[in-house]
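# Structural characterization, general
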Amino acid sequence: MKITNKIIEKHGLKLEEYENIKRLLQREPNLLELGIFSAMWNEHCSYKSSRLHLKKLPTKGKQVIQGPGENAGVIDIGDDDAIIFKIESHNHPSYIEPYQGAATGVGGILRDVFTMGARPIALLNSIHFGSPDHPKTKSLLNGVVSGIGGYGNCIGIPTVAGETKFNATYNENILVNAMAVGHANKNKIFYSKAKGVNKSVVYVGSKTGRDGIHGASMASAEFDENSDEKKPTVQVGDPFTEKLLLEACLELMKDNSIISIQDMGAAGLTSSSVEMASKGGLGMELELDKVPCREENMTPYEMMLSESQERMLIILDDGKENSAKKIFEKWDLDFVIIGKTTNTKNLTLKFNNKIEGEIPINALASKAPVYDREWVKKKPTKEKINLKDLKKIKIEDALVKILSSPNHSNKSWITNQYDQSVMCDTIQKSGSDAAIIRIHNKDKAIAVSVDSSANYCKSNPILGGKQIVCENWRNLITVGAKPLAITNCLNFGNPENKEVMGEFTECLDGIKEACEFLNYPVVSGNVSFYNGTNKKNIFPTPVIGGVGLIKKLFKPLGHSFKKDKSKLILIGKTFGHLEQSCFLKENYSINKGMPPEINLLNEKNNGENLLKLIDKNLILSSHDVSNGGLLVTVSEMIFNSNYGAKLHKPKKLTSLCEYFFGEDQARYVVEIDENNYSKAEKILKDNNIYYEMIGNTQKDYLEIDGELKISTKDLFKVNNKWYNNY
Amino acid sequence: MRSSVIVFPGSNCDRDIAVALEKMQFKNQMVWHKETKLPKSDLIVLPGGFSYGDYLRSGAIAGKSLIIDEVIKEANAGCLILGICNGFQILTETGLLKGTLLRNKNLKFINKDVHVKVINNETKFSNKYKKNQILNINIAHNEGNYFTNSKHLDQLKKDNLIAFKYCNEDGKINESTNPNGSLESIAGIYNSKKNILGMMPHPERMVEEIVSNKDGINLFSSLLS
Amino acid sequence: MKFSVTVTLKKDVLDPQGKVVENTLMNMGMKDLRNIRQGKYFQIEVDENDQSLAEKKIDLMCKKLLVNLIIEDYKINKI
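Here goes a summary of the coordinates provided. A quick note: this is a predicted structure, and the numbers were derived from the prediction, not measured.

## A closer look at the overall build of chain A
- From N to C terminus, chain A includes 25 helices and 28 strands.
- Taken over the C-alpha trace, chain A has a radius of gyration of 26 Å; the compact-globule value for 726 residues is 27 Å, and the two agree within 12%.
- Projected onto the principal axes, the alpha-carbon positions of chain A cover approximately 85 × 50 × 45 Å.
- The buried share among the 726 residues of chain A stands at 65%.
- Total accessible area on chain A stands at roughly 26,200 Å², and carbon and sulfur atoms take up 48% of it.
- Positive and negative side-chain charges in chain A, numbering 93 and 89 respectively, have mean positions lying 4 Å apart.

Following this line, the structure appears as structure tokens:
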């Protein structure tokens, strides 16, 4: 078949890239080879637009065993325990078929984690939808939530935390990011680097069908009106088979049979074989007629590009083939030796004893294009908002409006569809700042949280980037965990647009600065570009997933009030920053100005000293102050508790709205038993931490002196209405 | 006391129940579904999960597995059988318990802590509970909506074969306290000889204060007494 | 007029349920079994006497709700 410009374009390759391919091969590729190049050189696999910028992220630290570049990141949590985790996007497939898209997203990220030898212990997600009144939103929400639940519940791994947000920016391009966290023995971690020549390359798992052919290319192309036509490529997830694959892999990993292992994710057999060979500096020869196929008459092109789920590629040590095969047969899974490692440094593809394609591995991997795309700095906005120009609003009305908004409503409609308790190690479920998962059979635990702030990032990418890292860090602190490391999912628009590329670059600058200051390295992640349609790009939405350690397990504090008449303090300074706040958005539909300033020094000091108070068992509950400000934070502490709160009016700020709804950072509300108050106060004073007494807990009402009195029952009702009526 | 937990492909609460049994000093063994012989056991547990992915009907395919014939034989000989969640569904598919579990009335998977009332506290499984004791216990299922014909329902009532009913924290039973639409709020039932218990709630998730509470412990200690 | 609608997964779409049912029947000794695909069946009655108009209406129901056109095919038959 003659390779025409049209075919090249259909493969998502630029003509200059095609010229490059010809140079590397020193000839024209055939269609199979072209397909392989297109899969490896697209944005999703090659990171061609992002690679240069990702390099600046801090990825090292005492706690890091493996940083980015493997299937997932690995950190040390003491003893022989390692935590393996990663977040990944499945945005485009989920928009096309929400149930299967979200389900296979969960399946894919789980494989990334158990490929490395970990038993998955927790799932998290960050899902973003368009405006609730957009005609597609409701069915997308339903589909995505059931897909996430369907997969996680069936395979039996608890879905413990997440965030669900609505914003018109996602009307035509939703975000579905899934994170998996696993636990492994740190001396038993498996990597994808091939070693040794003539070793068996084994295909295990499900059979190969025509699913998702060119899925990875689809994830790297913008949607247009015709995106409906791309539908047949969506893969179907089979959590049952994945459960079998998980158990079979973990069983095989008990001995020393595996040299390297890699899951067949995006670009399936192509990317897994190239990755393994490239890391090992080897070649690989595959006999494609041996690939287990689900459909008749599948071509080498289809086999190499299929994205059928629940498959793995393993390189086995000599003589281990039979014992390994027995394990996979026990679990009713395919196990076929389909090739071997070679010293040719080529990917050699045979079909019916004929060489159908041969490509130097480095042409697909290290020589893949890298672009230094043009980008522009975002100018800080000069927009100012003067409260005096706005219609006056009562505190109570403003609070009710925020608490009943889609973004702030109680999300149990969603979380009740996820099994959060299976495995019996979930110490703190979702609905708190972070979830807590016990390490099985041990007296320690990890805390996990995912966060994003698209509005802040849109307004100012550097501040926004810093802010999410800090917020994520705070969420782990409030449950008493020492934050260790993060994974990030960078959801952006079209990188060929210089404003978008600027947002990307500057968000990374912000993330880098905060991570460095907080010693909070990035150990894994994923970039998703081309989110948007018809030249309308989504708001920059980096999502941060953090993991922290609780060395000695204790009954979780949670963020709900525990007692009557305990003291409430606010750690951190309040300046009353209302620009980009929920208060303005929900009450006035104003989306203007700068996000709040980030002071990393205060951030670190406030957090570390709160951790001291928690360690010394001096506090009853704590909650970080984020979107919505102080009053929303206190309201959230009232939900699920039997208590209300009585708050004082501020001494300094004249505007109550600024004080109660300002979104200044590095702040926490902490509930302290009267008897412990002086001890806690001493620690805060000794460490120069700014704090103020803001009131105390009480029965039945949320009250501000002379300004507001609302019963906790009504508050709860307001917060629970939206989802149930949607 | 010796217990056996049957592991089907797709079971996912097998480890959880094993941990709970061992914590309660049962001598437990895991039994793979392809086995044709059961180890000598006083209690056989069919654990929760998604055996065979819940494909076709929940529990239907596990109900045809090799080991099930042995379980049926043991059950008929009087061995104690406990089916939790998917295990309950398997028991109804094999006919060891009558009735069936339909999809939840809201057509969604439900995971939350609910209250159930101990209706019969005079069996091998429940003698450590007080009559009408209210337990706070976790449910996690798609098909937990118990249904049976009126003749069987009459028998369940007459012979005191209803094990647990969903209720609120004060023990009231009505439409709003019924999470999944079960007939008469039934959360668990016995066979007529009361050696087989099938229940949707997960007692194995309720054995540790730090994780949840200890409301499930008495089910295991009843078996030991 | 009464119609039946049979919905099945498209030819190349993975059918996890069908596969498990197929394996189970094989294991139960039904060795002649070649292939199983699982689907859904609807019986629909419409107030319409013209068959082609009625079929059009049913077709619309399929497209609008009953069928997930991304992964499923369907057949309409008069009964």
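## Considerations on the pattern of salt bridges
- Throughout the structure, instances matching the rule amount to 65 salt bridges over all chains.
- When the shortest N-O distance is used, the salt bridge between K56(A) and D509(A) registers 3.0 Å. Highlighted residues: K56(A) in the loop between helix 5 (51-54) and strand 1 (64-66) and D509(A) in helix 19 (residues 498-517), separated in sequence by 453 residues.
- Look at K56(A) and you get partly exposed, because its relative accessible area is 24%.
- K57(C) serves as the salt-bridge partner of E48(C), at 2.8 Å between the closest nitrogen and oxygen.
- Taking the relative accessible area as the measure of exposure, E48(C) reaches 15% and is therefore buried.
- Put simply, D79(A), D81(A), K442(A) and K444(A) are held in one network by salt bridges that share partners.

## Examining the interface of chain B and chain A
- On the chain A side, the residues contacting the 29 residues of chain B number 35 residues.
- Both sides of the chain B and chain A interface together cover about 2,500 Å² of buried area, and 54% of this is carbon and sulfur.
- Counting every contact that joins chain B to chain A gives five salt bridges.
- For the salt bridge of D419(A) with R205(B), the shortest nitrogen-to-oxygen distance reads 2.9 Å.
- Sorting the residues of the side of chain B that touches chain A by element identifies helix 1 (14-23), strand 6 (110-118) and strand 7 (134-141) of chain B as the ones contributing at least two each.
- Considering each element in turn, the side of chain B that touches chain A owes the most residues, four residues, to strand 6 of chain B.
- Of the residues that constitute the side of chain B that touches chain A, the class distribution is 12 nonpolar, seven polar and 10 charged.

## Some thoughts on the pairing of strand 8 (residues 258-263) of chain A
All names here are of chain A.
- Counting buried residues along strand 8, six of its six residues qualify, which places the element largely inside the surrounding structure.
- Summarising the sheet, strand 8 and strand 10 (residues 311-316) pair through five bridges and their orientation is antiparallel. What sits directly across from I261, in strand 10, is I314.

## Let's talk about the side chain of S581(A)
Residues and elements named next belong to chain A.
- Position of S581 relative to the elements: it lies in the loop between strand 22 (567-571) and helix 20 (582-588).
- Exposure remark for S581: the relative accessible area of 0% places this residue in the buried category.
- Not counting the four nearest positions on each side in its chain, S581 is found in contact with F661 and E663.

## Some details on the packing of helix 15 (residues 395-403) of chain A against helix 25 (residues 712-725) of chain A
Residues and elements named next belong to chain A.
- Look at helix 15 against helix 25: their axes get within 8 Å of each other, and the N-to-C directions meet at 40°. On the basis of their axis angle, the class for helix 15 and helix 25 is oblique. Note on element contacts: helix 25 touches helix 15 through L715, V718 and N719, opposite L399, V400 and L403.
- Taken together, the residues that form the contact of helix 15 with helix 25 break down as five nonpolar, one polar and no charged.

## Points about the pairing of strand 1 (residues 2-7) of chain B
All names here are of chain B.
- Along strand 1, five of the six residues are buried, which leaves the element largely enclosed by surrounding structure.
- For strand 1 and strand 2 (residues 27-32), the ladder comprises six bridges, and the chain directions are parallel. Looking at the pairing, S4 lines up with Q29 of strand 2.
- The parallel pair strand 1 and strand 2, bridged by helix 1, forms a crossover whose chirality is right-handed.

Rules used throughout
Residues numbered from 1 in each chain as written. Chains lettered and ligands numbered in written order. Predicted model: local features only at pLDDT ≥ 70, side-chain atom pairs only at ≥ 80, totals over all residues. Heavy atoms only, no water. Helix = DSSP H or I, 4+ residues; strand = E, 2+ residues; numbered from the N terminus. Rg over C-alpha atoms; globule rule 2.2 N^0.38 Å. Buried < 20%, exposed > 50% of the residue type's maximum accessible area, 1.4 Å probe, protein only. Areas by Shrake-Rupley, 256 points an atom, 1.4 Å probe, with all protein chains shown as cover. Lys, Arg positive; Asp, Glu negative; His and termini not counted. Charge placed at Lys NZ, Arg CZ, Asp CG, Glu CD. Salt bridge = Lys/Arg side-chain N within 4 Å of Asp/Glu carboxyl O. Contact = heavy atoms within 4.5 Å. Buried area = accessible area lost by both parts, 1.4 Å probe. Nonpolar A, V, L, I, M, F, W, Y, C, P; charged D, E, K, R; others polar. Pairing = 2+ DSSP bridges. Axes fitted to C-alpha atoms, helices over the stretch in contact; angles between N-to-C directions. Parallel < 35°, antiparallel > 145°, perpendicular 65-115°, else oblique. Right-handed = clockwise from strand over helix to strand, strands pointing away.

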